[in-house]
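Summary of structural features
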Amino acid sequence: MSDPAFRFDLAATCGAARTGTIHTPRGPIRTPAFMPVGTAATVKAMLPESVAATGADILLGNTYHLMLRPTAERVAALGGLHRFMNWSGPILTDSGGFQVMSLTGLRKMTEEGVRFASHIDGSRHMLSPERSMEIQRLLGSDIVMAFDECTPYPATREQAQASMELSMRWARRSRDAFGDRPGHALFGIMQGSTFPDLRAQSAETLREIGFDGYAIGGLAVGEGQAAMFEVLDYAPGLLPADRPRYLMGVGKPDDIVGAVQRGVDMMDCVLPSRSGRTGQAFTRHGVVNIKNARHAEDPRPLDEACTCPACRGYSRAYLHHVFRAGEIISSMLLTWHNLHYYQELMAGLRGAIAAGTLDSFVADFHAMRAPGDIPPL
Ligand SMILES: [Zn+2]
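Per an unreviewed UniProt entry, the protein chain carries the name Queuine tRNA-ribosyltransferase and comes from Phaeovulum vinaykumarii. What UniProt states about the protein chain under its Sequence similarities (unreviewed entry) heading is, verbatim, "Belongs to the queuine tRNA-ribosyltransferase family." Annotation of the protein chain in UniProt includes, under Subunit (unreviewed entry), the sentence "Homodimer. Within each dimer, one monomer is responsible for RNA recognition and catalysis, while the other monomer binds to the replacement base PreQ1."

Take a look at the structure:
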């Protein structure tokens with residue numbers, strides 16, 4: 001990369017899959033990387049040091065939520081997002097575009113940007129490429145995302161083309177507004193829905209503008225895994241090989257494995273933390289619903305091989321009890337376990353790519369989770 005303070009070193013490839021390191025002034029990000037989501041300057045139910053203990057190198061923060069509450073200006077006055085939330089590692093912020101577009105009925109989109117009403121108090125706001133860059137700068141984000149329109153799914157070819165072209169004009173404005181900020185990276189976002197030629201056009205425009213990394217947007221929006229993988233069969237290859245590739249909003253463990261196999265380097269999703277709060281645990285053997293009565297008297301941990309605090313110290317029976325009783329520790333333990341599981345999965349993928357054994361790793365991954373859970377006692 002042009003900026004020596006922010007660069008991507010590719011260490012090994014295995015088929016289309018890649019492993020490497022994104023170097024940032026706030027520390028390295030090992031790829032493929034999974035980024036836990038800290039929507040409102042917190043990964044819900046977790047202390048930042050606990051998130052780091054799961055193996056996460058980088059967090060994601062949400063521009064939309066932070067601009068409304070406590071506001072980017074207040075975060076800046078308090079020393080920036082890292083200091084505010086007590087996380088010293090790298091932070092990626094989204095552009096806010098995805099959330100404002102989801103405010104059906106409360107928003108008005110024009111060439112300039114999106115006017116919308118806050119879901120909190122109805123106050124009126126504007127998000128544009130320029131305003132999004134300003135907010136992400138005030139937050140002190142290490143990886144800034146270009147402002148784009150996430151094309152809804154399904155879209156006709158005409159809709160997908162118009163939406164992608166708007167996103168490309170906004171990508172140019174984002175690049176101009178971002179300026180030159182050593183040690184901070186700006187990622188462009190590819191759109192084009194499920195149309196290969198639109199994806200190619202989008203990639204070409206983004207390469208021409210020039211970004212420090214590239215995201216594949218407009219996926220994980222209801223198209224289903226098969227359609228998503230179809231796009232990922234060719235989309236990562238349209239992007240420069242020497243820059244990180246980020247698949248936004250993905251996903252379930254098998255989505256992540258499939259995306260990494262197809263050449264994705266970074267992902268984020270609320271799933272491990274949100275599921276933790278609703279009693280779902282991801283394990284090597286599949287998804288465990290801890291509220292299920294079968295766990296009420298089970299003295300075994302969620303996963304005997306897992307080294308997270310929930311598995312080392314607590315039985316399924318206890319986790320079942322505290323979930324049913326609505327105790328706060330239920331969210332804490334299940335979120336920790338889920339984030340730990342996701343980071344172990346990423347470490348396994350990185351190791352297998354480096355060793356050239358990704359195919360057998362993936363085969364074991366699928367075979368092991370096929371039963372859905374260990375047999376009941
Ligand atoms: Zn565990």
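Quick word on the sheet that holds strand β9 (residues 124-127)
Pairing within the open sheet is antiparallel, and its 3 strands lie in the order β7-β8-β9. For this open sheet the edge positions go to β7 (107-109) and β9, each flanked by a neighbour on one side alone. Recorded for the sheet is a direction-independent mean angle of 15° between the axes of neighbouring strands. Of the pairings in the sheet, the one linking β7 to strand β8 (residues 114-117) comprises 3 bridges and is antiparallel in character. The residue of β8 that forms the bridge with Lys108 is Arg115.

Remarks on the environment of Gly55
By the secondary structure assignment, Gly55 is in the loop between α1 (48-53) and β5 (59-61). Separated by 97 residues in sequence, Gly55 and Pro152 have C-alpha atoms that sit 33 Å apart. Apart from the residues within four sequence positions on either side, Gly55 is in contact with Gln343 and Ala347.

Focus on the pairing of strand β2 (residues 17-24)
Counting buried positions along β2 yields 6 of 8 residues, so the element is predominantly enclosed. What sits between the antiparallel neighbours strand β1 (residues 7-14) and β2 is a turn of 2 residues, in which Gly15 has the positive phi angle 65°. With 5 bridges connecting them, β2 and strand β3 (residues 27-31) associate as antiparallel partners. Bridging across to β3, His23 finds its partner in Pro28. What sits between the antiparallel neighbours β2 and β3 is a turn of 2 residues.

Things to note about the environment of Leu127
Looking at the element boundaries, Leu127 is found in strand β9. Taking the number of C-beta atoms within 10 Å as the measure of exposure, Leu127 has 25 and is therefore buried. Separated by 42 residues in the primary sequence, Leu127 and Met85 place their C-alpha atoms 24 Å from one another.

A few points about the nonpolar core
Within soluble globular proteins, side chains that are nonpolar tend to cluster in buried spots. Grouped together as the largest cluster of nonpolar side chains are 103 residues, with contacts concentrated most on Met35, Leu59, Phe187, Ala215, Leu247 and Met267. Counting residues per element, this core draws most heavily on helix α14 (residues 328-355), which supplies 12 residues. Looking at this core, you find at least three residues from each of domain 1 (7-269) and domain 2 (276-369). The contacts of Met35, once residues within four sequence positions are left out, are Ile58, Leu59, Leu60, Leu92, Met266, Met267 and Asp268.

Calculation criteria
- Per chain, residue numbering runs from 1 following the sequence as it is written.
- Under the rules for a predicted model, residues below a pLDDT of 70 receive no local features and side-chain atom pairs below 80 are neither given nor counted, while totals for whole chains, interfaces and linings still include all residues.
- UniProt positions are given in the numbering used here, feature names are shortened, and annotations may be inferred rather than shown by experiment.
- Two strands form a pair only when DSSP identifies at least two bridges running between them.
- Only DSSP runs of H or I covering at least 4 residues are called helices, and only runs of E covering at least 2 are called strands; the numbering of each starts at the N terminus.
- Helix axes use the C-alpha atoms of the stretch in contact, all axes being lines fitted to C-alpha atoms, and the angles between their N-to-C directions lie in the range 0 to 180 degrees.
- Placing a C-beta atom from the backbone of each residue, one calls two residues in contact when those atoms lie within 7 Å.
- To sort residues by burial, count the other C-beta atoms lying within 10 Å of each one's C-beta; a count of 20 or more means buried, 12 or fewer means exposed, and anything in between means partly exposed. C-beta atoms are built from the backbone.
- As used throughout, a nonpolar core is a set of buried Ala, Val, Leu, Ile, Met, Phe, Trp, Tyr and Cys residues joined through C-beta atoms within 7 Å of each other.
- What marks off one domain from the next here is an automatic or database domain assignment.

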